[in-house]
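Fold and geometry: a report
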Amino acid sequence: MELSTIKDAFDRVAKKQKLSSSKTQEVIDQVGREIEQALAKMHSNDATSPADLKTILKELNMKLTDMGPLNQLEGAQKELNVGLSKYAKLLEKSFNPDISKAYRNVDFDIHTVNQIIAGHFYRLGLFDLGDCFINEAREPEGNSLKSPFLEMYQILEAMKARNLEPALNWATINRDKLAQNGSSLELKLHRLQFVEILQIGSRTDALKYARNFLAPFASLHMAEIQKLMGCLLWAGRLDCSPYTEFLSPTHWEKLAEELTQQFCGLLGQSYESPLSVAIAAGVQGLPTLLKLANVMAGKIQEWQAMKQLPVPVDLGREFQFHSIFVCPVSRDQGSEENPPMLMPCGHVLCKQSIVKLSKSSTRTFKCPYCPLEATVAVCRQLYF
């Protein structure tokens, strides 16, 4: 059953809930008005004797009885209860609560799984939760995953407070690595700082900053630098200038995202949490796996022994990765014995090709696709 059917059923229940809530509030307001009118009569000069007060209360009771608030609410509430009952049955029919049918016995490395979970918490900035998990899972080595992400979130928190100093320090330290990745992150950070100085400082301070920190980028980013120099004429009033684009808060948001991407990249990790990606892909593929498990219910042994699914699992483009690596040098397909290796320059070769190029484990060799040199020791194995 498609999710659109469930959504339509939910919308119908939500509509009935709104009608029931609206009717309830209407009845409450009506009862409240009658009570307020009765109180007003009781406090007036006309009601001086106990008999008068008794008469007022009797009239109020008669009005509330004729009004029948409970009877008014009963119809709308009954329709809501019927809708909720049908919706619950639809959910039970649409979603199989026992997803264990699609599970196959796989030998997991518990230590690796714990590392992935802890790294997921740290990646999201949930440091207390990550520490708690590490302690309960008895994985003291997991603390090594925390420090780099702690540094990253300290930089991001400073950026939220419009403090670029930690980000600039990190970009300066990693300048060469960022350049290898083709990133202009450092220039963008200096651009934001330059604009901030123009807004809150003097033209002289901004010019001094440009000479010290923007000038080195002029040879590769002349057009960008020229625009920034034009901003000097509008110091303190950039919001009235032709350069208002530099004041957009989206620059801060996009730069924080780019810094996160580059930070994770230099750590050798993906921007998205691998655990989040795996779970999201599993959720999309689960219906197909459940259908396959039902079809092969009588062939449990065969299902457990399968290395490749007999049916395709249609996932979105965001889950499409290269499942096969072919070395661009040897043209050999990657395998567990000959895995892909990431070189410091970012190019990937298979292990056997790197060994042949180096001729020894300590000798430096030149990457066949760029001028950079490396040794076998600094090449990192990739898993696929």
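Rules of the game
- Residues numbered from 1 in each chain as written.
- Predicted model: local features only at pLDDT ≥ 70, side-chain atom pairs only at ≥ 80, totals over all residues.
- Heavy atoms only, no water.
- Phe/Tyr/Trp six-rings, centres within 6.5 Å; stacked < 30°, edge-to-face > 60°.
- Helix = DSSP H or I, 4+ residues; strand = E, 2+ residues; numbered from the N terminus.
- Buried < 20%, exposed > 50% of the residue type's maximum accessible area, 1.4 Å probe, protein only.
- Patch = residues over 30% accessible without salt bridge, like charges linked within 9 Å, V, L, I, M, F, W, Y side chains within 5 Å.
- Areas by Shrake-Rupley, 256 points an atom, 1.4 Å probe, with all protein chains shown as cover.
- Salt bridge = Lys/Arg side-chain N within 4 Å of Asp/Glu carboxyl O.
- Lys, Arg positive; Asp, Glu negative; His and termini not counted.
- Charge placed at Lys NZ, Arg CZ, Asp CG, Glu CD.
- Pairing = 2+ DSSP bridges.
- Contact = heavy atoms within 4.5 Å.
- Axes fitted to C-alpha atoms, helices over the stretch in contact; angles between N-to-C directions.
- Polar contact = N/O pair within 3.5 Å; in protein donor to acceptor, adjacent residues only side chain to side chain.
- Core = buried A, V, L, I, M, F, W, Y, C linked by side-chain atoms within 4.5 Å.

Thoughts on the packing of aromatic side chains
The tally for this structure, following the rule as stated, stands at 7 aromatic pairs. Aromatic pair F127 and Y153: ring centres 5.7 Å apart, planes at 85°, arrangement edge-to-face. Here F127, found in helix α5 (residues 127-137), pairs with Y153, found in helix α6 (residues 146-160); they are 26 residues apart in sequence, far enough to count as distant. On the accessibility criterion, F127 (13% relative accessible area) is buried.

A closer look at a positive patch on the surface
On the surface, R12, K16, K86 and K89 cluster together into a positively charged patch. Among the secondary structure elements, those contributing two or more residues to the positive patch are α1 (3-42) and α3 (69-94). For K89, the location among the structural elements is in helix α3.

Comments concerning the environment of G201
With respect to the helices and strands, the residue G201 is situated in the loop between α9 (185-200) and α10 (203-214). Counting along the chain gives 131 residues from G201 to D332, while the straight-line C-alpha distance between them is 59 Å.

Considering the sheet that holds strand β1 (residues 340-342)
The strand order across the open sheet built from 3 strands is β2-β1-β5, with neighbouring strands paired in antiparallel fashion. The open sheet is flanked by β2 (348-350) and β5 (380-381), the only strands paired with a single partner. Where β1 lies against β2, 3 bridges are found, and the strand directions are antiparallel. Within β2, the position partnered with P340 by the bridge is C350. Running over the sheet, helix α15 (residues 351-358) touches β1 and β2 and is turned about 90° from β2.

Some details on the side chain of E186
Position of E186 among the secondary structure elements: in helix α9. Using a relative accessible area of 7% as the deciding quantity, one classes E186 as buried. A polar side-chain atom of E186 sits 2.7 Å from a polar atom in the side chain of R175. Among all residues touching E186, those that are not within four sequence positions of it are L168, A171, T172, R175 and F217.

Thoughts on unusual backbone geometry
What is expected of a backbone is that most residues other than glycine have negative phi and most peptide bonds are trans. With phi around 55°, R138 is a residue other than glycine that occupies positive phi space. When you line up the elements, R138 lands in the loop between α5 and α6. Here R138 falls in the exposed class, since its relative accessible area comes to 74%. Positive phi outside glycine occurs at R331, with the angle close to 65°. Examined against the element boundaries, R331 turns out to sit in the loop between α14 (300-305) and β1.

A word on the nonpolar core
Counting 43 residues, the largest nonpolar core has M159, L189, F194 and L259 as the members making the most contacts within it. When residues of this core are traced back to their parent elements, those giving at least two are α4 (110-123), α5, α6, α7 (165-173), α9, α10, α11 (222-230) and α12 (250-266). Here this core gets 8 residues from one element, more than from any other, and that element is α9. Residues within four places of F194 in sequence aside, it is in contact with A206, Y209, A210, L214, L228, M229, C231 and L232. Counting 13 residues, the second largest nonpolar core, distinct from the first, contains C345, L349, F365 and C367.

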